[in-house]
Amino acid sequence: MTSPANPTPPSPGLPHRRLGRTGLTLPVVSLGLWQNFGHAHPVATQREIVLHAVDRGVTHLDLANNYGPPGGAAEETVGRLLARELRPVRDELVVTTKAGYRMGPGPYGEGGSRKYLLSSLDASLRRLGLDHVDVFYSHRFDPSTPLTETIGALATAVRSGRARYAGISSYSARRTREALQVAADVGVDLVVTQVSYSMLNRWIEEPDASGESVLDVADRAGMGVVAFSPLAQGMLTDRYLDGTPEGSRAARGGPLREEFLSPENLDHVRRLDALARAHGRSLARTAIAWAARDPRVTSVLVGASSVAQLDDSLAALDGPPLSDEEVAAVEAIPRDTGINLWASRSSDL
């Protein structure tokens, strides 16, 4: 896709899966714009990554109001592309956004209130240059706001035409059940839950006091599941095998905290890396294939700082299925390795 006058429709080459019980399908690997799409990164590189993703058949672009930094920058990047190069293929794309985490100062800059969610959605649509997004998510459970208000705001977003579908993100099994009940009461379908999931972060598999996990609840309700952070913020790559390199996320003080890189966790990573190489693939490709192995997972979100990195992630779909040995190696890792960034603010509530 090299010019706005001659757009190329997204390639049909990537496998797609049905999003729960909806008529919508998503590519098994989708592009998340959480990082690498702010003002600190070259606009030309951001453009190249997004257009290359679409050329490769990545029809799902996942955003949130606060992605950048600064907040809103990632939506502005995609908005510029949707106004030009991607404008002719807008209806071939699934554009999603979220609100819930801190976006602005003052009392109405975060949370699950009707005021914040709907005003944030309106601002996202302005940045994207769209009259609707395909999915609008409640980005996190907010214990200070009644779920009837939060889910009611999602219902308004759908009924007003500002969103085609509604979803939730980082809700525990208990809160997902509660949200589904409220959604039924207010007359909106929650069609998808977006959750962190990786070989080192398997909280969505763990049953709660009711005996159900997030995956169980979603499956029973017919919800799709979109998994983010399959590489555990870069831990499941070869980048940290020999320590913390200069310029890495951990070195910059980003979401990957130094304490996550414990000797025990790095020992797990090194053993997984050796096993992946023994089976002819990289650790990163193995990690993406592992996150996508469960048919209940509709799509796995990957980030990218370059076209080459994106292509390497998409190559995870080309290899053979994971071997019994590779799956057994993951099963030997403790379920809780302490790297769930979102637990205390959402999924533990």
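All residue numbers refer to positions counted from 1 along the written sequence of the respective chain. Local features are withheld for residues below a pLDDT of 70 in this predicted model, meaning they are given only at 70 or higher, and side-chain atom pairs are given and counted only at 80 or more; totals for whole chains, interfaces and linings count all residues. Neither water nor hydrogens contribute to the side-chain values; these are computed over all heavy atoms in the structure.

Draft legend 1. View of helix 10 (residues 307-314). Relative accessible area decides the class of each residue, using a 1.4 Å probe on protein chains only: under 20% of the type maximum gives buried, over 50% gives exposed, and in between gives partly exposed. Secondary structure follows DSSP: runs of H or I at least 4 residues long count as helices, runs of E at least 2 residues long count as strands, and numbering of each begins at the N terminus. Along helix 10, the residues classified as buried are Val-307, Leu-310, Ser-313 and Leu-314. The buried residues of helix 10 all sit within an arc of 120 degrees when viewed along its axis, so they share a single face. The secondary structure elements touched by the buried residues of helix 10 are strand 3 (29-32), helix 1 (43-56), helix 9 (283-291) and strand 10 (299-302). For this quantity, the arc is that covered by the directions from the helix axis to the C-beta atoms. Contacts: residue pairs with any heavy atoms within 4.5 Å of one another.

Draft legend 2. Just the pattern of salt bridges, in detail. For this document, the term salt bridge refers to a Lys or Arg side-chain nitrogen within 4 Å of an Asp or Glu carboxyl oxygen. In the structure shown here, the tally under the stated rule is 25 salt bridges. Here Arg-277 and Asp-273 are joined by a salt bridge, their closest N and O atoms 3.0 Å apart. Taken together, the residues span about one helical turn, with Arg-277 and Asp-273 both in helix 8 (residues 263-278) at a distance of four residues. In this structure, a network of salt bridges that share partners links the residues Arg-202, Glu-205, Glu-206, Arg-293, Glu-331 and Arg-335.

Draft legend 3. Looking closely at the pairing of strand 10. Alternating residues of strand 10 divide into Ser-299 and Leu-301 and Val-300 and Val-302, and every residue in both groups is buried. At least two DSSP bridges between two strands are needed for those strands to be called paired. Pairing between strand 3 and strand 10: three bridges, direction parallel. Pairing of Leu-31 across the sheet is with Val-302, part of strand 10. Looking at chain direction, strand 9 (residues 224-228) and strand 10 are connected through two bridges and run parallel.

Draft legend 4. Quick look at the sheet that holds strand 3. Read around the barrel, eight strands follow the order 3-4-5-6-7-8-9-10 and close on themselves; strand pairing throughout is parallel. Neighbour-to-neighbour, the strand axes of this sheet turn through a mean angle of 30 degrees, independent of strand direction. Every angle, taken between N-to-C directions, lies between 0 and 180 degrees, and every axis is a line fitted to C-alpha atoms, over only the stretch in contact when it is a helix.

Draft legend 5. Up close: helix 4 (residues 147-159). An ideal rise of 1.5 Å per residue puts 18 Å on 13 residues; helix 4 measures up with 18 Å between its terminal C-alpha atoms. Residues of helix 4 that are buried: Leu-147, Thr-150, Ile-151, Gly-152, Ala-153, Leu-154, Ala-155, Thr-156 and Ala-157. Looking at the buried residues of helix 4, the elements they touch are helix 3 (114-128), strand 6 (133-138), strand 7 (163-169), helix 5 (173-186) and strand 8 (190-196). Immediately beyond the C-terminal end of helix 4, within one or two residues, lies Gly-161, with a positive phi of roughly 85 degrees. Between the first and last residue of a helix there are one fewer steps than residues, each counted as 1.5 Å, and that sum is the expected span.

Draft legend 6. The arrangement of the nonpolar core in detail. In this structure, Leu-31, Leu-33, Leu-86, Phe-136, Ile-151, Leu-190 and Leu-236 are the most contacted members of the largest nonpolar core, which totals 110 residues. Of the residues forming this core, the biggest block, seven residues, is contributed by helix 9. Those residues in contact with Phe-136 that lie beyond four places of it in its chain are Thr-97, Lys-98, Ala-99, Leu-117, Leu-121, Leu-154, Ala-157, Ala-163, Tyr-165, Ala-166 and Gly-167. Residues enter a nonpolar core if they are buried and are Ala, Val, Leu, Ile, Met, Phe, Trp, Tyr or Cys, with the set joined through side-chain atoms within 4.5 Å.

Draft legend 7. Geometry of the packing of aromatic side chains. Pairing of aromatic rings covers Phe, Tyr and Trp, the last through its six-membered ring, and needs centres within 6.5 Å; plane angles under 30 degrees mean stacked, over 60 mean edge-to-face, and all others mean tilted. Across all of its chains, the model carries four aromatic pairs by this definition. Considering the side-chain rings of Phe-141 and Tyr-171, the 5.8 Å spacing of their centres and the 80 degrees angle between planes classify their relative orientation as edge-to-face. One end of the pair, Phe-141, is in the loop between strand 6 and helix 4; the other, Tyr-171, is in the loop between strand 7 and helix 5, and 30 residues separate them in sequence. You can call Tyr-171 buried: its relative accessible area is 0%. In this structure an aromatic cluster arises from ring pairing among Trp-34, Phe-228 and Trp-342. The criterion is that NZ of a Lys, or CZ of an Arg, lies within 6 Å of the ring centre and within 35 degrees of the ring normal, and then a charge sits over that ring. In this arrangement the basic side chain of Lys-115 is found over the ring face of Tyr-108, its NZ or CZ atom lying 5.2 Å from the centre. Note that Arg-293 overlies the ring of Trp-290, its terminal NZ or CZ placed 3.9 Å from the centroid.

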